[in-house]
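Listed here are the chains, written in short residue letters.
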Amino acid sequence: MIMDTERPVHREGQARMWVLFGEMREKVHRHRIQVGTRGYFMEGPRRVGEVEVTSLVGLLTNPVN
């Protein structure tokens, strides 16, 4: 959560991410994401950051509604 829009974003850190669309959890993310998965944060077609999954919380247990 961005608390102060006047300060620059840190070059390194941790982020909490959510799967916003329940159907995507089962169709895509559940089978592709695991600890150690590497990828990119994207803004449209532009890569804006490198990422590595360090932990999963609830991805495999949250129900798909």
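Just above, that's the structure.
Let me begin by describing the structure that accompanies this report. In this text the structure is predicted, and so the values were computed from the model without any measurement.

The rules we used
Residues numbered from 1 in each chain as written. Predicted model: local features only at pLDDT ≥ 70, side-chain atom pairs only at ≥ 80, totals over all residues. Heavy atoms only, no water. Salt bridge = Lys/Arg side-chain N within 4 Å of Asp/Glu carboxyl O. Helix = DSSP H or I, 4+ residues; strand = E, 2+ residues; numbered from the N terminus. Buried < 20%, exposed > 50% of the residue type's maximum accessible area, 1.4 Å probe, protein only. Phe/Tyr/Trp six-rings, centres within 6.5 Å; stacked < 30°, edge-to-face > 60°. Lys NZ or Arg CZ within 6 Å of the ring centre and 35° of its normal. 1 Å grid on protein atoms, 1.4 Å probe; cavity = no way out; pocket = protein on both sides within 12 Å on 5 of 7 lines; lining within 4 Å. Points joined across faces, edges and corners; volume = space filled by probe spheres on them. Nonpolar A, V, L, I, M, F, W, Y, C, P; charged D, E, K, R; others polar.

## Some remarks on the pattern of salt bridges
Alright, step 1. Under the definition given, this model contains three salt bridges.
Alright, step 2. Residue Glu 52 is joined to Arg 38 by a salt bridge in which the shortest nitrogen-to-oxygen separation is 2.9 Å. Note that Glu 52 is positioned in strand β2 (residues 46–52) and Arg 38 in strand β1 (residues 38–43), a separation of 14 residues in sequence.
Alright, step 3. A residue is classified by how much of its surface remains accessible, and Arg 38, at 59% relative accessible area, is exposed.
Alright, step 4. Here Glu 43 and Arg 46 are joined by a salt bridge, their closest N and O atoms 2.8 Å apart.
Alright, step 5. On the accessibility criterion, Arg 46 (51% relative accessible area) is exposed.

## Regarding the packing of aromatic side chains
Alright, step 1. All chains considered together, the criterion is met by zero aromatic pairs.
Alright, step 2. Cation over ring: Arg 47 sits above Tyr 40, and NZ or CZ is 3.8 Å from the ring centre.

## Concerning the layout of surface pockets
Alright, step 1. Counted as a void, the largest pocket has a volume near 2,300 Å³.
Alright, step 2. For the largest pocket, the lining is made up of 45 residues, of which Gln 14, Ala 15, Arg 16, Met 17 and Phe 41 are closest to its centre.
Alright, step 3. Elements with a contribution of two residues or more to the lining of the largest pocket: α1 (22–32), β1 and β2.
Alright, step 4. Here the lining of the largest pocket is composed, by residue class, of 23 nonpolar, twelve polar and ten charged.

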